[in-house]
Amino acid sequence: MSDIVKQVLFSENVRLGEDETSVIILDQTQLPNRTVYLTLRTRQEMYDAIRLLRVRGAPAIGICAAYCLYALARQWNHRDGPFFQVLHENKVFLNASRPTAVNLSWALERMEKLAISRSDRPIREVLALMGQECRRIHAEDIEMCKAISEYGLSLLKDGDGILTHCNAGPLATSRYGTALGPILLGREKGMDFHVYADETRPLLQGARLTAWELQKAGVDVTLICDNMASIVMRNGWVQACFVGCDRVAANGDVANKIGTSGVAILAKHYGIPFYVLGPTSTIDLRCPDGDHIPIELRDSAELREMWYSEPMAPKGVDCYNPAFDVTDHDLISGIVTEKGVCRAPYTESLAALFA
Ligand code: MRU
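Residue positions are given per chain, counting from 1 as you read along its sequence in written order. With the structure being a predicted model, the display of local features is reserved for residues of pLDDT at least 70 and the display and counting of side-chain atom pairs for 80 or more, all residues being used for whole-chain, interface and lining totals. As a convention, hydrogens and water are excluded, and side-chain values are obtained from all of the structure's heavy atoms.

Concerning the site of the ligand
Rules: By convention in this text, a residue qualifies as near a molecule or strand provided that one of its non-hydrogen atoms is within 4 Å of it. N or O atoms closer than or at 3.5 Å make up a polar contact, with two conditions inside protein: a donor-capable atom paired with an acceptor-capable one, and, for residues adjacent in sequence, both atoms drawn from side chains. All accessible areas in this document rest on Shrake-Rupley with a 1.4 Å probe, and a residue is counted as covered only by the protein chains that are shown. Runs of E in the DSSP output that reach at least two residues are strands. Runs of H or I that reach at least four are helices, and both are numbered from the N terminus. Classification used: nonpolar for Ala, Val, Leu, Ile, Met, Phe, Trp, Tyr, Cys and Pro, charged for Asp, Glu, Lys and Arg, polar for all others including Gly.
The environment of the ligand is made up of 19 residues, and the closest members are R56, A58, R98, N256 and K257. The contact in question runs from an oxygen atom of the ligand to an N or O atom on the side chain of N256, over 2.6 Å. One of the side-chain nitrogen or oxygen atoms of K257 is found 2.8 Å away from an oxygen atom of the ligand. Compared with its free state, where it exposes 410 Å², the ligand has 99% of that area covered by protein. Mapped by element, the contributors of at least two residues to the shell around the ligand are α3 (58–74) and β9 (254–257). When its residues are assigned to classes, the shell around the ligand shows eight nonpolar, seven polar and four charged.

Comments concerning the nonpolar core
Nonpolar side chains in soluble globular proteins tend to end up buried together. Rule in force here: Nonpolar cores were defined as sets of buried Ala, Val, Leu, Ile, Met, Phe, Trp, Tyr and Cys residues, with membership established by side-chain atoms within 4.5 Å. Here's how the labels work: a residue is buried when its accessible area is under 20% of the maximum for its type, exposed when over 50%, partly exposed in between, all with a 1.4 Å probe on protein chains only. Whether two residues are in contact is decided by their heavy atoms, any of which lying within 4.5 Å being enough.
Counting residues in each nonpolar core, the largest one holds 37 residues, and the members touching the most others are V14, V23, I25, M46, V55, M111 and M130. Put simply, the parts of the chain that give this core at least two residues each are β1 (14–16), β2 (23–26), α2 (43–51), α3, α4 (83–95), α5 (102–117) and α6 (123–153). Sort the elements by how many residues they give to this core and α3 lands first, with 14 residues. In this structure I25 touches N13, V14, V36, Y37, L38, L40, A49, R54, V55 and C64, once residues within four positions along its chain are discounted. If you look at the next biggest cluster of nonpolar residues, it comprises 31 residues, including I183, M191, F242 and L277.

Set out below in structure tokens:
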């Protein structure tokens, strides 16, 4: 871990337990007030950790799910049923925990595919390969974040003001993060940025996590409510918007945390470049456009009562609580991946990444 990442995270946010039949995560719902590590042993605990955002952020969800599938496979006993059937059932169960971030199904499918490709080998060999594969997914994410950070940094100048929405830093990924990666890397090289962190209603990932990470890294950060993005842009304080992504469709439409599309529309109005940063594991070429991205709907309690000492809305009021929205590709100045910066037309530049 680089020094700056160590300043943010003391230890990996997701890792295998010592016996490799459990997964240990830093519980993101407890931050910034408490640093709590949880050990996930049962598949229900694993499902709940993802569903309840104890582990969150598209790449971190993928890494966690891969470790979980492996840990569950190590727990297999022939009384549970045939190994590959149980593996498949566990994969389907974990995959149902959240629908929008494609990294979840990407990592689970990768793990199952590898296991099935060796189904003629003894189970202990399959397990050994699965153990290597989930560690490889994690190691690749570390490399991807570093490369994304370098490409992203090439888009910034010393002293720039950057607006970000939600949390796409070390907690949501491995090490540097995606949208926050260039900022942390730049800081490491002695550059100064001023970051405006949208609080990100309703679950406050910006206030609780982004502000916490940047403060710990010594980055100049100002927390704003989501509805203050326009004024800071109008004041001339923002030179670029950097956000993460949960799924990028083949035409360049991007699903990210609810509110992201509004930031992109404002950025276009004020002539500010709007960049999306994410690994190629978040690009879903099977999904033609944003209309085909499943958008997660979450519990109304998150709007009505969560974070308040008493409910802040009338009991039983109808709520609409989508966790993500889609930013149209024509609002996006560039999609920064570990392989470089893709520009419009995205149908061509994204496909070229996989050619
Ligand atoms: O609901 P969350 O907190 O998992 O949503 C996370 C985001 O929207 C992030 O911006 C995205 O996953 C990218 S993380 C590198």
